[in-house]
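# Fold and contact review
Spelled out from the first residue to the last, the chains are:
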Amino acid sequence: MNLKNITLYAILGYSYFFIMRAVGTIFPATNYNETWMIIELSLNFIANLGITLFFLYLLKEFIKDDEYSLMNSTVAAFLGSLSILLLKALNGFSSLISVPIDHTIPGRYMVNMVTWIQGFIIVIFFVNFSSNLCKIKSLKLCKPVLWGLWGIIVSFILHSINLLNYYYYSVNGEIFIDLRRNHYILPGIILIIFSYLSLIYFLIMFYKSLGNKKVKEK
């Protein structure tokens with residue numbers, strides 16, 4: 001395995017999550033039997049694993065040893081993605097034995113906070129990564145990575161709104177920003193689509209820019 005192969009793996013992972021988000025939006029009341037739950041949990045693990053390995057191989061093959069800021073943010077992104085991978089795997093396993101972690105208040109709080117922190121870390125990573133790639137004119141990745149950065153920012157904002165709504169509702173009994181209202185539905189859907197497609201677009205362009213050999217210079 002090398003960075004190019006792992007990047008393709010990450011593209012498939014994000015594409016899978018985009019498809020599942022679309023299916024969940026169109027068919028929110030779909031009932032899952034245990035067999036399908038096992039399949040979905042397995043696919044979720046595989047997709048998250050690809051995203052986690054992307055940061056690991058990026059650190060190993062692409063980032064130079066003297067790029068300290070980018071290196072640190074990539075390490076943080078890898079550890080954050082790894083924590084999400086393990087947390088969702090644990091939550092999925094607990095769901096199979098009918099004691100899901102996120103069905104308790106402390107468990108839900110932990111899952112939400114870890115997910116939010118990981119999202120913030122990914123934003124910081126993309127800020128550093130976009131700055132780095134825009135300096136490497138030969139790769140011609142400045143515009144694609146900026147699209148990816150904006151996609152990540154939009155995704156983080158949407159997730160933050162969801163968390164705000166959850167905690168605001170738990171205290172006040174009403175939603176702070178209801179995206180289900182008619183004048184919020186279409187913009188919300190457009191932003192969700194943008195957040196996924198812009199990131200997938202960047203990863204595709206990054207994949208195309210990679211050769212078969214390692215690009216990290218020792």
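Details of the structure are given in the entry above.
Cut-offs used in this document
Residues numbered from 1 in each chain as written. Predicted model: local features only at pLDDT ≥ 70, side-chain atom pairs only at ≥ 80, totals over all residues. Heavy atoms only, no water. Helix = DSSP H or I, 4+ residues; strand = E, 2+ residues; numbered from the N terminus. Buried < 20%, exposed > 50% of the residue type's maximum accessible area, 1.4 Å probe, protein only. Contact = heavy atoms within 4.5 Å. Areas by Shrake-Rupley, 256 points an atom, 1.4 Å probe, with all protein chains shown as cover. Phe/Tyr/Trp six-rings, centres within 6.5 Å; stacked < 30°, edge-to-face > 60°. 1 Å grid on protein atoms, 1.4 Å probe; cavity = no way out; pocket = protein on both sides within 12 Å on 5 of 7 lines; lining within 4 Å. Points joined across faces, edges and corners; volume = space filled by probe spheres on them. Nonpolar A, V, L, I, M, F, W, Y, C, P; charged D, E, K, R; others polar.

Here we take up the overall build of the protein chain. From N to C terminus, the protein chain includes six helices and zero strands. Start at the N end of the protein chain and walk to the C end: the helices and strands fall as α-α-α-α-α-α. Within the protein chain, the proportion of its 218 residues that are buried is 37%. Within the protein chain, counting contacts between residues at least 6 apart in sequence, those at least 24 apart form 77% of the total. Per element, the accessible surface of the protein chain, about 12900 Å² overall, is 68% carbon and sulfur.

Let's shift gears to the packing of aromatic side chains. The description of an aromatic ring pair uses the distance of the two centres, along with the angle that the planes make with each other. The full count for this structure, using the stated rule, is 18 aromatic pairs. Their ring planes at 85 degrees and their centres at 5.1 Å tell us that Phe55 and Phe125 sit as a pair that is edge-to-face. A residue pair is termed long-range when its members are at least 10 positions apart, and Phe55 in helix α2 (residues 34-61) and Phe125 in helix α4 (residues 105-135) qualify at 70 residues. Summarising the aromatic geometry, the rings of Phe125 and Phe129 are spaced 5.1 Å apart at their centres and angled 25 degrees between planes, so their arrangement reads as stacked. Placement of the pair is Phe125 and Phe129 together in helix α4, with a separation of four residues, close to one helical turn. Here the two residues Phe125 and Phe129 agree in accessibility, since each one is buried. Through a chain of ring-to-ring contacts, the aromatic side chains of Phe54, Phe55, Phe62, Phe125, Phe126, Phe129, Phe202 and Phe206 assemble into a single cluster.

Turning our eyes to something else, we now look at empty space enclosed by the protein. Counted according to the given criterion, the structure contains one cavity of 30 Å³ or more. The calculated volume of the largest cavity comes to roughly 30 Å³. What lines the largest cavity is simply Tyr14, Phe54, Phe55, Phe125, Phe126, Leu199 and Leu203. Elements that contribute at least two residues to the lining of the largest cavity include exactly α2, α4 and α6 (182-209). Within the lining of the largest cavity, the residues separate by chemical class into seven nonpolar, no polar and no charged.

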